[in-house]
Amino acid sequence: MKIAITQFVTLDGVSQGPGSADEDTTGDFERGGWFVPHLDEVFVQRASDWLDLADGLLLGRRTYEAFARDWPQITDPDDPFTGRMNALPKYVVSNTLTEGTWNPTTVLRGDIGETVGALRAAPGRELQVHGSARLASSLLAAGLVDTLRLVITPSIIGQGRRLLADDADVGLRLTDHQITPRGLVVLEYEVTGPAPLATYEGTAHL
């Protein structure tokens, strides 16, 4: 399966607490809910199309526990995500969690290179990471990601946990892009390996 990461970020790279003020207040974060004002039907359809590609969800413990608490409580029959989110196999990367409550769940303990690497080598379409910024950053640094989807809001909030780790070295190729009516910039990348480097020698060498 391909490992595909979807992340909501501000222009200054913050990924913490996109959905509400109380979603994630760790580190005294007070500016949650920055994604919601920019949500529109065009993006909802795009996100639904992505979820159609999933054969499983790969989550960190913090996001898993929040999703396991919230998604089973959604009863709106017109919600485009709930049925699939609840039914898909869930894989949670954690050395502290012993079992999952949001079935079907498998807890992955130990080295992510081995546990996630084994899933990546299995047949299937996409194993999708939603939220789970720390896990996403670790997977990028470990070279285990195939697709990166960034949804960037037209906002700078100056506070909160950033997505990308300092030790990541990742080259990307843009494969798709879109701007939604409310200003979300949707970027889809294929991971190509380490970030390429070069020395500028003038435009004649371009």
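Shown above is the structure to which this text applies.
To keep things clear, this report deals only with the structure shown in the data block. (Residues numbered from 1 in each chain as written. Predicted model: local features only at pLDDT ≥ 70, side-chain atom pairs only at ≥ 80, totals over all residues. Heavy atoms only, no water.)

What about the overall build of the protein?
So, point 1. When helices and strands are counted, the protein shows five helices and eight strands.
So, point 2. Element order for the protein, N to C, with α for helix and β for strand: β-α-β-α-α-β-β-α-β-α-β-β-β.
So, point 3. Taken over C-alpha atoms, the radius of gyration comes to 17 Å for the protein, in line with the 17 Å a tight globule of 206 residues would show.
So, point 4. Summarising its shape, the C-alpha atoms of the protein cover approximately 60 × 40 × 35 Å along the three principal directions.
So, point 5. Burial statistics for the protein: of 206 residues in total, 44% are counted as buried. (Helix = DSSP H or I, 4+ residues; strand = E, 2+ residues; numbered from the N terminus. Rg over C-alpha atoms; globule rule 2.2 N^0.38 Å. Buried < 20%, exposed > 50% of the residue type's maximum accessible area, 1.4 Å probe, protein only.)

A look at the sheet that holds strand S4 (residues 105-108)
So, point 1. Taking strand neighbours across the sheet as the criterion, the eight strands line up as S4-S3-S2-S5-S1-S6-S8-S7 in an open arrangement whose pairing is mixed. The strands lining the two open edges of the sheet, one partner per strand, are S4 and strand S7 (171-179). The mean angle between the axes of side-by-side strands here comes to 25°, regardless of whether they run parallel or antiparallel.
So, point 2. Relative to strand S8 (residues 185-193), strand S6 (residues 147-152) runs antiparallel, the two being bridged by six bridges. For Val151, the partnering residue across the bridge sits in S8 and is Val186.
So, point 3. This element, helix H1 (residues 41-51), spans strand S1 (2-9), strand S2 (54-60), strand S5 (126-130), S6, S7 and S8 of the sheet and lies at about 30° to S8.
So, point 4. Against the sheet, helix H5 (residues 133-141) engages S1, S2, strand S3 (90-93) and S5, with an angle of about 130° to S1. (Pairing = 2+ DSSP bridges. Axes fitted to C-alpha atoms, helices over the stretch in contact; angles between N-to-C directions. Contact = heavy atoms within 4.5 Å.)

Section: the side chain of Ser155
So, point 1. Within the secondary structure, Ser155 sits in the loop between S6 and S7.
So, point 2. Looking at Ser155, its side chain comes within polar contact range of the side chain of Thr153, at 2.6 Å.
So, point 3. If we skip the residues at most four places from it in the chain, Ser155 touches Thr10, Leu11 and Asp12. (Polar contact = N/O pair within 3.5 Å; in protein donor to acceptor, adjacent residues only side chain to side chain.)

Describing the nonpolar core
So, point 1. Among the nonpolar cores identified, the biggest contains 26 residues, and Leu58, Val116 and Leu139 are the most heavily contacted of them.
So, point 2. Elements with a minimum of two residues in this core: S1, S3, helix H4 (112-121), S5, H5, S6 and S8.
So, point 3. Sort the elements by how many residues they give to this core and H5 lands first, with five residues.
So, point 4. Those residues in contact with Leu139 that sit more than four places away from it in its chain are Ile3, Leu58, Ile112, Val116, Val129, Leu144 and Val145. (Core = buried A, V, L, I, M, F, W, Y, C linked by side-chain atoms within 4.5 Å.)

A look at the environment of His38
So, point 1. As for its placement among the helices and strands, His38 is situated in the loop between S1 and H1.
So, point 2. By relative accessible area, which is 15% here, His38 ends up buried.
So, point 3. With 91 residues separating them in the primary sequence, His38 and Val129 have C-alpha atoms 21 Å apart.

Observations concerning H4
So, point 1. Looking only at H4, the buried set comprises Ile112, Thr115, Val116 and Leu119. Down the axis of H4, the buried set is contained in an arc of 90°. They therefore lie on one face. The exposed residues of H4 that point more than 90 degrees off its buried face are Glu114 and Ala121.
So, point 2. Capping the start of H4, Asp111 holds a side-chain oxygen 3.0 Å from the backbone nitrogen of Gly113, two or three residues further along. (Arc of directions from axis to C-beta.)

As for the pattern of salt bridges
So, point 1. For the structure on display, the rule yields twelve salt bridges.
So, point 2. Salt-bridge contacts for Arg161 lead to Asp24; the nearest nitrogen and oxygen are separated by 2.6 Å. Of this pair, Arg161 sits in the loop between S6 and S7 while Asp24 sits in the loop between S1 and H1, and the two are 137 residues apart along the sequence.
So, point 3. Residue class for Asp24 comes out buried when judged on its relative accessible area of 11%.
So, point 4. The network of salt bridges with common partners includes Arg46, Glu126, Arg149, Asp176 and Glu188. (Salt bridge = Lys/Arg side-chain N within 4 Å of Asp/Glu carboxyl O.)

All quantities given are derived from atomic positions and should not be read as evidence of function.
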